[in-house]
Structure formats: C-alpha cells, structure tokens
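A closer look at the structure
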Amino acid sequence: MLKLYHGSNIKIEKIDLSKGRINKDFGKGFYLTTVKSQAEEMAKRKAKQYLGTNPVVTEFYFDNSVLLSNKLKIKQFTEVSAEWAEFILKNRKASRTGFHHDYDIVIGPIADDGVVQQLDLYEMNLISMNQLVEALRWRDLNDQYFFGTEKAISKLQVL
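As a starting point, this report considers the structure included with it. (Residues numbered from 1 in each chain as written. Predicted model: local features only at pLDDT ≥ 70, side-chain atom pairs only at ≥ 80, totals over all residues. Heavy atoms only, no water.)

So, the pairing of strand E3 (residues 56–62)
Bridge count for strand E1 (residues 2–8) against E3 is seven bridges, and the pairing is antiparallel. Each residue of the ladder has a partner; that of Lys 3, found in E3, is Tyr 61. Direction of pairing for E3 relative to strand E7 (residues 156–158): antiparallel, over a ladder of three bridges. Counted as the bridge partner of Tyr 61 is Gln 157 from E7. (Pairing = 2+ DSSP bridges. Helix = DSSP H or I, 4+ residues; strand = E, 2+ residues; numbered from the N terminus.)

A short note on the pattern of salt bridges
Applying the stated criterion across every chain yields a total of eight salt bridges. With a shortest N-O distance of 3.4 Å, Lys 3 and Glu 59 are connected by a salt bridge. Within this pair, whereas Lys 3 is found in strand E1, its partner Glu 59 is found in strand E3, the two being separated by 56 residues in sequence. For Glu 59, the salt bridge identified is with Lys 36, shortest N-O distance 3.5 Å. (Salt bridge = Lys/Arg side-chain N within 4 Å of Asp/Glu carboxyl O.)

A look at the sheet that holds E7
Reading across the sheet, the three strands line up as E1-E3-E7 and stay open at both edges, with antiparallel pairing between neighbours. Where the open sheet ends on each side, the last strands, each with one partner, are E1 and E7. Geometrically, the sheet is characterised by an average inter-axis angle of 35° between neighbouring strands, direction not taken into account. With respect to the sheet, helix H1 (residues 36–49) is in contact with E1 and E3, its orientation differing from that of E1 by roughly 20°. (Axes fitted to C-alpha atoms, helices over the stretch in contact; angles between N-to-C directions. Contact = heavy atoms within 4.5 Å.)

Below is the structure:
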C-alpha cells in the first residue's frame, strides 16, 4: 500500500471523476501525489481560488500491487522524456483537439510552472524537443498520479 495525497479546499469523501478538469497534464481525472507538501501547496491555491474556504489535504491508500498486474491500463513515466512532454502537450490541448487517452492510471513527473514555461517555448518553436527535455532533466520534479476511470479509483481508499 502506498500513501497518496490530494490537495483541495474540501475533504474528499467520494471521488467524482466528472469534476476533473480537461487540459491537465495527464487528462481529465483525479490527481494525487506521494509528496505531502505538494498537496498542501495545491490545497492553499484552491482555498485562495475559492474565497472563504480552507486548504484541506485528503490522504488515500493506494493498492499499488495493481501496477504489477495487468488488471488496469497503466502508463508510467519514470523521468522527463520527449514522450512525457508530448503526452502532456496533447492532454493540455485536449479541449481544442479532442485528444483522449484510454489509460486508467498515469504516473509521472508533474509539469509545474517552470515546466509550463519551457513547454510554451517549444510550442512557439523557440526550442527543439531535445532542448526542452535537456532543460527539464535537471529539475527535481515531484510526482503525480492520475486516476481516470472508476476501475482505477476503486484501488484508492480514503483515510
């Protein structure tokens, strides 16, 4: 079992995938991390966005034994790569292009503000994909876990 964290302005009692936003790094779904401080920062941002609310971090146990089985369709990026960057770019343009993947779970580095700046440079053809990947390799990026299907979230247990 792996402990994962979700930062918001409410305690998550039941995951509602319809509330996920399109154009996120790994698509529309429910996002968590193994890094509690990252979830705390996200919770602060959400509370600031929704005035009059407080930051809340909800903890989950994840039955990560499914990562070694073939019960779910899983995509795992272990490091920054061209494939990771292209996947994020496709997902971030999904509302315009209609892109949608069929993974239950996607795991990989998070595209924080610094990464987004580099992605923008690539999109404007100011740097190549190789330059993008090289510029991001040195960054110590936190992880993110995307859960995109009911089958996937059934592997999470609220603490």
